[in-house]
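Working through the structure, step by step
For reference, the chains in residue letters:
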Amino acid sequence: FFFFRVQRRRFRVPTSSTMVKFLKSNKVVVLLNGRYAGRKAVIVKNFDDGTSGRQYGHALVAGIATYPRKVIKKHSVKKQEKRSKVKAFIKVVNYNHLMPTRYNLEVDLKATVTADVTENATKKEAALKEVKKLFEERFKTGKNRWFFTKLRF
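Residues numbered from 1 in each chain as written. Predicted model: local features only at pLDDT ≥ 70, side-chain atom pairs only at ≥ 80, totals over all residues. Heavy atoms only, no water.

**Examining the nonpolar core**
Basically, it comes down to this: Each nonpolar core is a collection of buried residues, namely Ala, Val, Leu, Ile, Met, Phe, Trp, Tyr and Cys, held together in the definition by side-chain atoms within 4.5 Å. Note on classification: 1.4 Å probe, protein chains only; a residue is buried when its accessible area is under 20% of the maximum for its type, exposed when over 50%, partly exposed between these limits. Helix numbers and strand numbers start at the N terminus; a helix is a DSSP run of H or I with at least 4 residues, a strand a run of E with at least 2. Contacts are assigned to residue pairs with any non-hydrogen atoms lying within 4.5 Å of each other.
Of all hydrophobic cores here, the largest spans 23 residues; its most connected members are Ile 64, Ile 90, Leu 105, Leu 109, Val 131, Phe 135 and Phe 147. At the level of elements, strand E2 (40-47), strand E3 (58-66), strand E4 (87-94) and helix H2 (121-141) are the ones that each hand at least two residues to this core. Looking at this core element by element, the count peaks at 4 residues for H2. Leaving out residues up to four positions away in the same chain, Val 131 has contacts with Ala 62, Ala 88, Ile 90, Leu 109, Thr 112 and Val 113. Residues Leu 31, Tyr 36, Ala 59 and Leu 98 belong to the second largest nonpolar core, which totals 13 residues.

Structure representation (structure tokens):
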């Protein structure tokens, strides 16, 4: 028997400075864990290196808790309005529980949803109403149709 010495290749492990940042603002993601699992959301602000409270990569997201229902022409105006309502949520989520998609949503949420919103209940309530209004407006214009359809799984 002959034993050959196998030469091992040494691979360079990419560091955080060389890795591509793909979880950016306005990127549409799907939440994987928790109450809103399977729901679509938009990254408002990302914290790649973490913060003092959360020492891991996480993102502040705003998403759809209840999707708008199907609207057809024969529905009355009142019924169409009722069916095109959206319920929103705001949440801070670990990167491990996000699945990025190829879509972006060009909605300016930075002004309404900030990092301190999640701690204060009254601020969160006001921000949720604003996000709901922006999402419904975007839905009614017919843009980003994929974002407003429920995931089938």
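Text resumes after the structure shown.
**Some details on H2**
The condition that has to hold: Expected helix span is computed as 1.5 Å times (number of residues minus one).
For H2, built from 21 residues, the straight-helix expectation of 30 Å at 1.5 Å per residue is met to within 8% by its first-to-last C-alpha distance of 30 Å. When H2 is considered as a whole, its buried residues turn out to be Ala 127, Val 131, Leu 134, Phe 135, Glu 136 and Arg 138. Looking at the buried residues of H2, the elements they touch are E2, E3 and E4. Trailing H2 by a residue or two, Gly 142 shows a phi angle of about 85 degrees, which is positive.

**Re the packing of aromatic side chains**
Selection rule: Pairing of aromatic rings covers Phe, Tyr and the six-membered ring of Trp, with a centre-to-centre limit of 6.5 Å; geometry is then stacked below 30 degrees between planes, edge-to-face above 60, and tilted otherwise.
As enumerated under the stated definition, the model contains 6 aromatic pairs in all. Summarising the aromatic geometry, the rings of Tyr 36 and Phe 89 are spaced 4.0 Å apart at their centres and angled 5 degrees between planes, so their arrangement reads as stacked. One end of the pair, Tyr 36, is in the loop between strand E1 (27-31) and E2; the other, Phe 89, is in strand E4, and 53 residues separate them in sequence. Given the relative accessible area of 2%, Phe 89 is considered buried.

**Considerations on the sheet that holds E2**
In a beta sheet, neighbouring strands are held together by backbone hydrogen bonds and run either parallel or antiparallel to one another. Quick reminder of the rule: Here a strand pair is declared whenever DSSP counts at least two bridges between the two strands. Helix axes use the C-alpha atoms of the stretch in contact, all axes being lines fitted to C-alpha atoms, and the angles between their N-to-C directions lie in the range 0 to 180 degrees.
Taken in spatial order, the 5 strands of this open sheet run E4-E3-E2-E1-E5, and their pairing is antiparallel. Every other strand in the sheet has two partners, leaving E4 and strand E5 (98-104) as the edge strands with one partner each. Taken pair by pair, the neighbouring strands of this sheet meet at an average axis angle of 35 degrees, ignoring direction. One ladder, built from 8 bridges, connects E3 with E4; its direction is antiparallel.

Read these as spatial facts, not as claims about activity.
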